[in-house]
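Descriptive structure summary
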Amino acid sequence: MKNILFIASEGVPFIKTGGLADVVGSLPKNIDKKYFDVRVMLPKYTCIKQELKDKMKYKTHFYMDFNWKSEYVGVLEAKVDGITYYFIDNESYFSGFKIYSDNVLDEIRKFSFFCKAALSALPLTGFRPDLIHCHDWQTGLIPVYLKERFAGGEFFRGIKTVMTIHNLKFQGRWNVKDVKDITGLPDYFFTSDKLEAYKDANLLKGGIVYADAVTTVSDTYAEEIKTQFYGEGLDGLLRARSGALRGIVNGIDYEEFNPEKDKNIVAPYNAANFRKEKIKNKRALQQELGLEQDDKKFMIGIVSRLTDQKGFDLIAYVMDELCQEDVQIVVLGTGEEKYENMFRHFDWKYNNKVSANIYYSDALSHKIYAASDAFLMPSLFEPCGLSQLMALHYGTLPIVRETGGLKDTVEPYNEYESTGTGFSFANYNAYEMLATIRYAKYVFYQRKREWNKMVDRAMAADFSWGVSAAKYQEMYDWLIG
């Protein structure tokens, strides 16, 4: 058996703010249990729901020197869906209503503590990993501490590390003096070939430098981050490490996102009967949201964080023109105030065409995937993206910009060869996006058989975790030997 330990700042079912939690929760379940024992380690946040806390059992505790103090470290354990989870407990670091705060220094303290405590707790869990799989900047210090503090110990000798970048924009940056104080790392580590970048300490950079392999969540994003535009200041380092860098597209959980078994939708459907059944979901959603009741309206769904990264400046630029068209637009999500207010304004101005739902609801997101004809996702950059994978599985054709995971997962429609699973445009340009939406609408109205064949292909595409898990297993084998 090969032992793998995931260490991350969030994971389903315990705590989730974004796609990272889905990966940490779903990937271990899909790795072959005959050859791999995969376990997960997370912080024990006080904001985890009580019924999940009730599953945790106390394992042990100890005290650890950290940031000039002796700190309590509790270790708990839980088993869910056949996976063993460990939790690092310290209420002074992990309390609060949310798991992340806007105070960068606090975040760096919290996750530096978590990295050191996670490694210190390992010998007491009775589980020795052959490989530690780290996720994003919050665990960037694990490969660093392994090489510095723990390398001498017999238990830690030979443990390999993988650093997965889910979003390169977030790096854990702060001034060198404070980070040196907090982490206890010697001066030697804060040079430009190690943790220092542009005069600051950078925790993600440390993880990339010291990990045995670096992955990101799609092939195209792995190439893009080696360029200046997408590299967020680390493109030089990523080019230097390109021999150890690979992209593996995330999957989605087809148990949860399955139009045939979905409890949230009015009319379940599959690839055989969607022509008859899918429309019932559109009617139900039009009624629920107070939109004009019309089967023929081209419904565009948007489920997203409302931020610049997701391309909402493009949508804002042409929203008035888009609303003049024969379309309905259903939006679900929260984010930057200017975009929240923009959608509220258009909901007021075009009441029977635009529905702005400025909150988050899991049930409504499923209804939008099932009811819409097309799904709009014009991101500026997108490491992987999960919404387009869900849309494909629900036979709702994505309209995307060709970047990162969107380019890898949505095949653009080719009317001459009758191929493709969606529509895409290349340049970050509002009118190019608008032209692509109009083209999709033309195919929907004028070439309905072609549209339906595209839905067939979209629903048949396989982005389940099984495919991704096989690629991770191959990498683990290569590293562990």
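In this report, the structure presented in the accompanying data block is examined. (Residues numbered from 1 in each chain as written. Predicted model: local features only at pLDDT ≥ 70, side-chain atom pairs only at ≥ 80, totals over all residues. Heavy atoms only, no water.)

1. What to know about the overall build of the protein chain
The condition is simple: To qualify as a helix, a DSSP run of H or I must reach at least 4 residues; to qualify as a strand, a run of E must reach at least 2; elements of each kind are numbered from the N terminus. We take the radius of gyration over the C-alpha atoms and set the globule estimate at 2.2 Å times the residue count to the 0.38 power. Each residue is placed in one exposure class: buried if its accessible area under a 1.4 Å probe, protein chains only, is under 20% of its type's maximum, exposed if it is over 50%, and partly exposed if it falls in between. Here, two residues are considered to be in contact whenever any of their heavy atoms come within 4.5 Å of each other. Using the Shrake-Rupley algorithm and a 1.4 Å probe, accessible areas are obtained, with residue cover drawn only from the displayed protein chains.
Across its full length, the protein chain holds 18 helices and 18 strands. Taking 23 Å as the expected radius of gyration for a compact globule of 481 residues, we find that the protein chain reaches 23 Å, a close match to that expectation. Seen through its C-alpha atoms, the protein chain measures out along the principal axes to roughly 70 × 45 × 40 Å. Going through the 481 residues of the protein chain one by one, you find that 60% of them count as buried. Partitioning the intrachain contacts of the protein chain with sequence separation of at least 6 by distance along the chain shows that 73% fall at a separation of at least 24. In the structure as shown, the protein chain presents an accessible area of about 19600 Å², 50% of it carried by carbon and sulfur atoms.

2. Some words on the environment of Phe66
By the element assignment, Phe66 lies in strand E3 (residues 57–66). Each C-alpha atom, one on Phe66 and one on Val443, is 61 Å from the other, the two residues being 377 residues apart in sequence. Residues within four places of Phe66 in sequence aside, it is in contact with Glu71, Tyr93, Arg109, Ser112, Phe113, Lys116, Tyr145 and Ile182.

3. Brief notes about the sheet that holds strand E8 (residues 173–175)
The line we're drawing: Pairing between strands is defined by DSSP: at least two bridges between the two strands are required. Note on method: axes are straight lines fitted to C-alpha atoms, helices fitted across the in-contact stretch only, with angles between N-to-C directions ranging 0 to 180 degrees.
Reading across from one edge, E8-E10-E9 is the order of the three strands in this open sheet, with antiparallel pairing throughout. The sheet is open, and its two edges are formed by E8 and strand E9 (196–197), each paired on a single side. With respect to the sheet, helix H6 (residues 176–183) is in contact with E8, E9 and strand E10 (200–202), its orientation differing from that of E8 by roughly 100°.

4. Here's the deal with the state of the cysteines
Working definition: the covalent bond between the sulfur atoms of two cysteines is a disulfide. Condition: Throughout, a disulfide means two cysteine sulfur atoms within 2.5 Å of one another.
Considering all chains together, one arrives at zero disulfides under this definition. We note that Cys134 lacks a disulfide partner, and the nearest cysteine sulfur, in Cys115, lies 7.4 Å from it. By relative accessible area, Cys134 is classed as buried at 0%. Free of any disulfide, Cys384 has its nearest cysteine sulfur in Cys134, 20 Å distant.

5. Observations regarding the nonpolar core
The condition that has to hold: Each nonpolar core is a collection of buried residues, namely Ala, Val, Leu, Ile, Met, Phe, Trp, Tyr and Cys, held together in the definition by side-chain atoms within 4.5 Å.
By size, the foremost hydrophobic cluster in this structure holds 95 residues, and its most contacted members are Phe14, Ile88, Phe113, Leu119, Ile132 and Tyr476. The leading source of residues in this core is helix H4 (residues 104–125), at eleven residues. With 71 residues, the next largest nonpolar core counts Leu285, Ile300, Met319 and Leu386 among its residues.

6. What about the packing of aromatic side chains?
In this description, a pair of aromatic rings is defined by centroid distance and the angle of the planes. Note the following rule: Think of it this way: a Phe, Tyr or Trp ring, Trp meaning its six-membered ring, pairs with another when their centres are within 6.5 Å, and the plane angle makes it stacked under 30 degrees, edge-to-face over 60, tilted otherwise. Whether a charge lies above a ring is judged from NZ of Lys or CZ of Arg, which has to be within 6 Å of the ring centre and within 35 degrees of the ring normal.
In total, this model carries 34 aromatic pairs according to the counting rule given. Relative to Phe113, the ring of Phe66 has its centre 5.6 Å away and its plane inclined at 70°; by these criteria the two rings are edge-to-face. Taken together, the residues span a long stretch of sequence, with Phe66 in strand E3 and Phe113 in helix H4 at a distance of 47 residues. You can call Phe66 buried: its relative accessible area is 2%. Ring geometry for Tyr100 against Phe111: centres 6.1 Å apart, planes inclined by 50°, an arrangement best described as tilted. Separated by eleven residues along the polypeptide, Tyr100 in the loop between helix H3 (91–94) and H4 and Phe111 in helix H4 bring together distant segments of the chain. Here the aromatic residues Phe298, Tyr413, Phe423, Tyr439, Tyr442, Phe444, Tyr445 and Trp451 are joined through ring pairs into a cluster of three or more. Here Lys194 stacks its cationic end above the ring of Tyr188, 4.4 Å away from the centre of that ring.

7. Some remarks on the packing of H4 against helix H5 (residues 141–148)
The following threshold applies: Our angle categories are set so that under 35 degrees counts as roughly parallel, over 145 as roughly antiparallel, 65 to 115 as roughly perpendicular, and the remainder as oblique. By convention, the crossing between two helices is left-handed when the near helix turns anticlockwise from the far helix through less than a right angle, and right-handed when the turn is clockwise. Here the nonpolar group is Ala, Val, Leu, Ile, Met, Phe, Trp, Tyr, Cys and Pro; Asp, Glu, Lys and Arg are the charged ones; every other residue, Gly included, is treated as polar.
One way to put it is that H4 packs onto H5 with a least axis distance of 9 Å and a crossing angle of 50°. Taken together, the axes of H4 and H5 are oblique relative to one another. At the point where H4 passes H5, the crossing takes the right-handed sense. Facing H4, whose interface residues are Ser112, Cys115, Lys116, Ala118 and Leu119, H5 presents Leu141, Ile142, Tyr145 and Leu146. When grouped by side-chain class, the residues that make up the contact of H4 with H5 number seven nonpolar, one polar and one charged.

8. Re the side chain of Asn281
With respect to the helices and strands, Asn281 occurs in helix H10 (residues 274–289). Here Asn281 is in contact with Ile265, Val266, Ala267, Tyr269, Ala370 and Ala371, once residues within four sequence places are set aside.

9. Details of helix H17 (residues 448–460)
What counts here: Helix span, as expected, comes to 1.5 Å for every residue beyond the first.
For H17, built from 13 residues, the straight-helix expectation of 18 Å at 1.5 Å per residue is met to within 8% by its first-to-last C-alpha distance of 18 Å. Of all the positions in H17, only Glu450, Trp451, Asn452, Met454, Val455, Ala458 and Met459 are classed as buried.

10. Thoughts on the pairing of strand E16 (residues 374–377)
As a reminder, the rule being used: Assignment of crossover handedness uses the view with strands pointing away from the viewer, where a clockwise path from the first strand over the helix to the second indicates a right-handed crossover.
Side chains Ala374 and Leu376 of E16 all project onto a buried face; the interleaved residues Phe375 and Met377 project onto the opposite face, where all are buried too. Alignment of E16 against strand E17 (residues 397–401), held across four bridges, turns out to be parallel. When the bridges of E17 are listed, Phe375 appears paired with Pro398. Assessed by its sense of winding, the connection that carries the chain from E16 through helix H14 (residues 387–393) to E17 is right-handed.

11. Some points on the side chain of Ser387
Relative to the elements of secondary structure, Ser387 occurs in helix H14. Apart from the residues lying within four places of it in its own chain, the contact partners of Ser387 are Val303, Tyr369, Phe375 and Met377.

12. Side note on the packing of helix H1 (residues 19–30) against helix H18 (residues 465–480)
One can describe the packing of H1 onto H18 by two numbers: an axis separation of 9 Å at closest approach and a directional angle of 80°. One way to sum up the angle between H1 and H18 is to call them roughly perpendicular. Residues Asp22, Val23, Ser26, Leu27 and Asn30 of H1 touch H18, and the partners they reach there are Trp465, Gly466, Ala469, Tyr472 and Gln473. When grouped by side-chain class, the residues that make up the contact of H1 with H18 number five nonpolar, four polar and one charged.

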